[in-house]
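Below are the chains, spelled out letter by letter.
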Amino acid sequence: MLGFAAFWVWALFFASKEAINRIEDRDWAARAQQICVDADTERDALADYRRLDSGGAELIRERADIIDAATDIIDTMVSDIAAVAPTDDKGAAIVPMWIEEYRTYIADRRRYANDLRTTGDNLAFYETMAEVPISERLATFAADNDMAACAPPFDLSM
């Protein structure tokens, strides 16, 4: 019991509370957040709230076009973020991995839009898994670095 109590005292009062993905270059994170906010605004303008079950295959193909347009915006966003590397060692080491995973997510979106266009069916979106869905890893990094707008969109057509 004493060991159990000691563990909880350590965990609650002495263990580091810093997120494992947090980088030190806060200017880089703030710059990335602003790029993502601007991209979110651009993607919001693409929103189409029509029900897919009312338009058949043609509406699903239009949805694929919207997903492609939104993915183009995300692709540009990621390229703009990647254009400047963080200045701290940890950031310089892990940001390129985050960018690479984001590019995988972008490829997943492009494959999905192509599948919608090809089949005309409202298919489910399947993304790359890396122990967890890749979008979860991307969102965790974004949250750990105060870049909430840089999390992947949960609505694929945005």
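Residues numbered from 1 in each chain as written. Predicted model: local features only at pLDDT ≥ 70, side-chain atom pairs only at ≥ 80, totals over all residues. Heavy atoms only, no water.

### Some details on the overall build of the chain
- Counting its regular elements, the chain contains five helices and two strands.
- Tracing the chain from N to C terminus, the helices and strands come up as α-α-α-α-β-β-α.
- By the burial criterion, 37% of the 158 residues in the chain qualify as buried.
- For the chain, the computed accessible surface area is about 9,100 Å², with 59% contributed by carbon and sulfur atoms. (Helix = DSSP H or I, 4+ residues; strand = E, 2+ residues; numbered from the N terminus. Buried < 20%, exposed > 50% of the residue type's maximum accessible area, 1.4 Å probe, protein only. Areas by Shrake-Rupley, 256 points an atom, 1.4 Å probe, with all protein chains shown as cover.)

### Focus on the confidence of the model for the chain
- Overall, the prediction assigns the chain a mean pLDDT of 88, with 85% of residues at 70 or greater.
- Helix H1 (residues 2-13) is the least confidently modelled element of the chain, averaging 61 in pLDDT, while helix H2 (residues 26-44) averages 96, the highest of any element. (pLDDT = per-residue confidence, 0-100.)

### Looking at the state of the cysteines
- Counting across every chain of the model gives one disulfide.
- A sulfur-sulfur separation of 2.0 Å characterises the disulfide bridge that pairs Cys36 with Cys150. Between Cys36 and Cys150 the sulfur-sulfur dihedral comes to about 100°; the bridge is accordingly right-handed. Here Cys36 is found in helix H2, whereas its partner Cys150 is found in the segment after helix H5 (134-144), with 114 residues between them in sequence. As far as the burial class goes, Cys36 and Cys150 line up, both buried. (Disulfide = S-S within 2.5 Å.)

### Quick word on the environment of Ala92
- Checked against the element boundaries, Ala92 lands in helix H4 (residues 89-119).
- The class for Ala92 is partly exposed, based on a relative accessible area of 42%.
- A sequence separation of 69 residues divides Ala92 from Ile23, and the C-alpha atoms of the two residues are 8.8 Å apart.

### So, the pattern of salt bridges
- Counted by the stated rule, this structure contains 12 salt bridges.
- Ionic pairing is found between Asp146 and Arg22, a salt bridge with its closest N-O pair at 3.0 Å. Of the two residues, Asp146 is situated in the segment after H5 and Arg22 in the loop between H1 and H2; the sequence distance between them amounts to 124 residues.
- You can call Arg22 partly exposed: its relative accessible area is 24%.
- Among the ionic pairs, Arg111 bridges to Asp108, the shortest N-O distance being 4.0 Å. (Salt bridge = Lys/Arg side-chain N within 4 Å of Asp/Glu carboxyl O.)

### A word on the packing of aromatic side chains
- Taken as a whole, this structure holds five aromatic pairs when the rule is applied.
- Centroid distance Tyr102 to Tyr105: 6.1 Å. Interplanar angle 85°. Geometry classified as edge-to-face. Of this pair, Tyr102 and Tyr105 both sit in helix H4, three residues apart, which is roughly one turn of the helix. Assigned by exposure class, Tyr102 and Tyr105 land together as buried.
- Where Tyr105 meets Phe125, the ring centres are 6.3 Å apart and the plane angle is 85°; that geometry is what we call edge-to-face. In this pair, Tyr105 sits in helix H4 while Phe125 sits in the loop between H4 and strand E1 (129-130), placing the two residues 20 residues apart along the sequence.
- Exposure remark for Tyr105: the relative accessible area of 1% places this residue in the buried category.
- An aromatic cluster of at least three residues, connected via ring pairs, comprises Trp98, Tyr102, Tyr105, Tyr112, Phe125 and Phe141. (Phe/Tyr/Trp six-rings, centres within 6.5 Å; stacked < 30°, edge-to-face > 60°.)

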